[in-house]
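Here is what each chain is made of, one letter per residue.
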Amino acid sequence: MKKNWLSYMLVSVLLSGALTSCSDSFLDLKDPNHFTNENFWKDKADAESALAAAYSPIKYQMYGYYGAFDGWLNLNSRGDDIFTILNEEASMWDIANFQNSATTGNDPFGALYAGIQRANIVLRYIDNVPASGITESDRATIKGEALTLRAYQYFLLVNNYGDVPLRLIPSNEDDPNKTSSPQAEIWAQIETDLLTAIKDGNLPENRPAEQKGRIEKGTAITILGKVYATQHKYAEAKTLLKGLIDSSYDPFGLPSTGKRYRLMENFVDNFTTAYENNAESVFELQYSSDGDMSWGNEGGISLGSSLAQFIGPAKSGGWAKLMPSAFLVSEFTTETRGNRPTKTIINDKGEEEKVTNTDPTAEPNSKYDKRIYASMFFTPSEYGDWVSEGNGWYDGKFYGGLFTMDDLWTGNASKMAGGAPIFNVSQSSGAQIGKFLLKKYTAHYVKSKSADNMGNVEGRANNVRVIRFAETLLLYAEACAKEADKDQANWALNEIRQRAGLPKKDFEQIDLMKEIEHQCLLEFFGEGHRFDDLKRWYTTPQISMILKGNDKQGASNFKEKYKYFPIPSGELNNSSVEQNPLWK
């Protein structure tokens, strides 16, 4: 049973009534402290209770930005690395096919503003806590966390909606008819908040176990690096991220020197309950098996994640709403790690002879990029792969050995009846039609026939890793490539390649961005990065061409306005906010 600060502080806040839930419309958000001025904000515990609540909306179980339904599914379905199953929820299908509108689904716009409102409340009232109840160091840390949370949610808003209202104080004290601010103003405020958090926020470089999941200094720095990169401020991103890497990162494969960050040797350890809040985690949303098995956001005091329920195979209790795309599988299998190992023996004739080396640890100990085995369900031996559990890192026993790949594939037959990708896997004898299913973030590590069902205690306890240090490294590689620093771009790229079991390479300047894009595709498959990455790298006509070339569902519908979500009609009906001009 997981117990951490964020889980139990939030429960205590919700049960005590110190913070009430926010309405769907950000313009109608109540100040949850309006009736507690005399009995709240007395000490550090009160301040941390309010802060814990500010972490909640972004991870609402169903409808938060990283919630399982109208969050995670929609983040992924716009990318060309994902195939969205037909005949499921209409809203998900519309978004995947670029046919959505201002009335589509339960948009996370309001949840993001709920998080901003709660962060604003912390920033507004934290100075009311008397010096006798909190140290100045702790006060500064709480401010730094609130600033980072506010900045990150404004980043998600401006990147997804364009011009949005800028609220920096609790909504009950602000102009109720506030209109949208220009994107440039939003970006400037994001940078200001993050720079203040980094400089004055007293954010720790590392947290003790009981505080894992709370924002650290590296969190704020990496978010700011991504903010710079998204605006193509690559010189600033390069300088900032290099400072974090030099001070806080132990290079892959070298002995640890005790620095905060390093890539996990086994890629799968980033996506199970066994190694949560690990050395690679930069920002991780905390979930727990505790509380009721209920659906919703904060109602029912459910602390679990329903992500595995939505994406897991039908055979293991999931709803299997997403699959890897044929393009993604093709990219994953294009570069192999090399030929199967051999060894030289003396045969019966007394002659030297090369034979297959059956030692499972002999390198290369798999045919493909190591990340593919953690990302997708498939049967490696069907594609000439010699990977074996004897190598110490591969686990081919799906759900503790209860299911084979054929079991999972057959169990999804009704889901795929309306259409499924055709996986052409290159073989020496020609193309082979393959079978691949989404594995990342399923509960494949739980030995249960219903592991992916929301009712499974261990299956719903898995955290969501929003930012991993692999992203820090690839953002740095991108910034270096854009600033023509070939050596540093290659160094960062090869950190990623080495963990994947791929050979180190020295890419020429002209080839750097192509390889960076390729590594981002493979590294973050199924984590909701792909569409935003394409937006950062390419113009609208270029994105359209890429989506069509990769057979993305709905690619022919894509145009400029679909780079953004429309502001939900419910927000427009209750406020002075204007719709994104592209959606008018």
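Throughout what follows, the structure given in this document is the object of discussion.

Reading guide: rules and limits
Residues numbered from 1 in each chain as written. Predicted model: local features only at pLDDT ≥ 70, side-chain atom pairs only at ≥ 80, totals over all residues. Heavy atoms only, no water. Helix = DSSP H or I, 4+ residues; strand = E, 2+ residues; numbered from the N terminus. Rg over C-alpha atoms; globule rule 2.2 N^0.38 Å. Contact = heavy atoms within 4.5 Å. Areas by Shrake-Rupley, 256 points an atom, 1.4 Å probe, with all protein chains shown as cover. 1 Å grid on protein atoms, 1.4 Å probe; cavity = no way out; pocket = protein on both sides within 12 Å on 5 of 7 lines; lining within 4 Å. Points joined across faces, edges and corners; volume = space filled by probe spheres on them. Nonpolar A, V, L, I, M, F, W, Y, C, P; charged D, E, K, R; others polar.

Before going further, it helps to spend a moment on the overall build of the protein chain. Counting its secondary structure elements, the protein chain contains 20 helices and 10 strands. Whereas a compact globule of 584 residues would reach a radius of gyration of roughly 25 Å, the protein chain reaches 24 Å, a difference of no more than 12%. C-alpha atoms of the protein chain, sized along the principal axes, occupy 95 × 50 × 50 Å. Relative to all contacts within the protein chain whose residues are 6 or more apart in sequence, the contacts with residues 24 or more apart total 67%. With the model as given, the accessible surface of the protein chain reaches about 22,000 Å², and the carbon-plus-sulfur share is 49%.

To continue, consider empty space enclosed by the protein. Taken as a whole, this structure holds 11 cavities of 30 Å³ or more when the rule is applied. Considering only enclosed or pocket space, the largest cavity measures out at about 230 Å³ in volume. Together, 20 residues line the largest cavity, and Tyr-66, Tyr-152, Lys-226, Gly-528 and Asp-532 are the ones closest to its centre. The set of elements that each furnish at least two residues to the lining of the largest cavity consists of helix H3 (68–77), helix H6 (136–161), helix H8 (217–230), strand E10 (464–468) and helix H18 (530–537). A per-element tally of the lining of the largest cavity places H6 first, with four residues. Here the lining of the largest cavity is built from residues that sort into nine nonpolar, four polar and seven charged. By volume, the second largest cavity amounts to about 150 Å³. Lining the second largest cavity are 18 residues, and of these Asn-74, Ile-95, Asp-107, Pro-108 and Phe-565 sit closest to its centre. By residue number, the principal contributor to the lining of the second largest cavity is H3, which donates four residues.

On to the side chain of Arg-150. Assignment of secondary structure puts Arg-150 in helix H6. In this view, Arg-150 contacts Ile-116, Ala-119, Asn-120, Leu-123, Arg-167, Leu-168, Gln-189 and Asp-193; residues no more than four positions away in its chain are not counted.

Now for unusual backbone geometry. Along the chain, Glu-363 connects to Pro-364 via a cis peptide bond; the corresponding omega equals -5°. One non-glycine residue, Tyr-441, lies in the positive phi region at around 75°. Turning to its location among the elements, Tyr-441 is positioned in the loop between strand E9 (437–438) and E10.

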